[in-house]
Every structure is written in structure tokens, then in C-alpha cells.
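As a plain string of letters, each chain reads:
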Amino acid sequence: MPDGGQHFPALVLNADFRPLSYFPLSVWSWQDAIKAVFLDRVSVLNEYDAVVRSPSTTFRLPSVIALKDYIPAARRPAFTRFNVFLRDNFSCQYCLDRLPTHELTFDHVIPRSRGGHTTWENVVTACGTCNLLKGSRLPRECRMHPRKAPGQPTTWELQDNGRAFPPNYLHESWRDYLYWDSELES
């Protein structure tokens, strides 16, 4: 393929026809999608106009595929830096500025030097300025309280938050399967 197939990702849906995840959006390379079709692990719901050829066959590249076996969502999401940022909508919980991930940090509401732990209930997203300003003080000591009390989100809450951040690439064949925070055409 002239572009190496970079522009032909396949949207991956669970067996219930919902995306496996919204943020990051569940997509596979065209190579992985073709392999899954051959192994009979997915159903092809939509295709690109582009094709790939083997010596004996021509295949249209899948644009939307659905798993044949349902994968249940994790009951509790993993505690990761990215998931904390997603829970907090990529916004500093002190000044409410929305920033790119490379400009965000974690803040321990109760600092580790004061006995705080690195848990969902004690970590919030902060910008570098607010994190430095708060330092190792308690919220009441510096009058900096998180806008929203930290807590463990559900998988569904993270999925819902992820819908607010559509990816840079959305193929038109995916529209019927994705539900972003946008008005439907009448």
C-alpha cells in the first residue's frame, strides 16, 4: 500500500456493537483486522474502498469490525496516571485549566510526607503551577481544595468522560457506532 496502510484503521466494537473504549478509541491496524477476520474472531460491518491483494485473493479493508465473543468491561478501572487525568477531564482540580497531558501532574491531596497514599481517593489532576503552589501542605493550610472530591471512578464514568474527547481521526463509516457529545442531524 502506498501509505503503508496507516490511514485504514478498523474501529473495534464489542459483541454488543459498542466500542471497546472511547478514549483511547478502540481501533486496530488493518493488518490486525484482516488477521482477526481470517481467524473468524470478528464480523466485518463496514469496509473501506481500499483493497489489499494476496497472490490469489483481493480483500477490501475493514473499517468497522465487531468481536464475535463479548468482552465484559473491567469492574474497576486500573489506577493509572492517564485514568486519573481522564477521570478529572484533563483539568487541574485547583484552577480548572484544561491542559494537554504533558502539562499535567498528579497531586496528593494529603501529601505523602503527611501520610497520604497514592490511591484514587487521594490523587487529583493538577497543573504544574498549582502543584508547586500547594507543595506538601494540606488543603486547609493553603486554602486549595480540589473542585471535585477524588474517588474511584467506574469504567462507565471513564467511558463517558472519554466521549468528550473525540480522536483526531474519525472515518465516516464509524458515525453510526460512536456516540459523541454532539447534536444528531435531523
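Above this text is the structure in question.
Summarised in this report is the structure supplied together with it. (Residues numbered from 1 in each chain as written. Predicted model: local features only at pLDDT ≥ 70, side-chain atom pairs only at ≥ 80, totals over all residues. Heavy atoms only, no water.)

1. Regarding the sheet that holds strand β4 (residues 58–67)
Reading across from one edge, β2-β1-β4-β3 is the order of the 4 strands in this open sheet, with mixed pairing throughout. Looking along the sheet, the strands with just one partner apiece sit at the ends: β2 (27–28) and β3 (42–53). Pairing of β3 with β4, which is carried by 8 bridges, proceeds in the antiparallel orientation. Bridging across to β4, Val44 finds its partner in Ile65. (Pairing = 2+ DSSP bridges. Helix = DSSP H or I, 4+ residues; strand = E, 2+ residues; numbered from the N terminus.)

2. Here's the deal with the state of the cysteines
If you walk through the whole model with that rule in mind, you get 0 disulfides. Lacking any disulfide linkage, Cys95 is separated from the closest cysteine sulfur, that of Cys92, by 3.7 Å. Looking at Cys95, the relative accessible area reads 31%, which means it is partly exposed. Considering cysteine sulfurs only, Cys130 is the nearest to Cys142, which forms no disulfide, with 9.9 Å between them. Since its relative accessible area comes to 14%, Cys142 is described here as buried. (Disulfide = S-S within 2.5 Å. Buried < 20%, exposed > 50% of the residue type's maximum accessible area, 1.4 Å probe, protein only.)

3. Things to note about helix α1 (residues 30–38)
If you check which residues of α1 are buried, you get Trp30, Ala33, Ile34 and Ala36. Buried residues along α1 cover an arc of 160° about the axis, so they all sit on one side. Opposite the buried face of α1, at more than 90 degrees from it, the exposed residues are Lys35 and Phe38. As for α1, its buried residues are in contact with β1 (10–13), β2, β3 and β4. After α1 finishes, the residue Asp40 shows a positive phi value of roughly 60°. (Arc of directions from axis to C-beta. Contact = heavy atoms within 4.5 Å.)

4. Looking at the environment of Tyr179
By the secondary structure assignment, Tyr179 is in the segment after α5 (155–162). Distance from Tyr179 to Asp16, taken between C-alpha atoms, is 14 Å for residues 163 residues apart in sequence. Not counting residues within four places of it along the chain, the set of residues in contact with Tyr179 comprises Tyr22 and Arg163.

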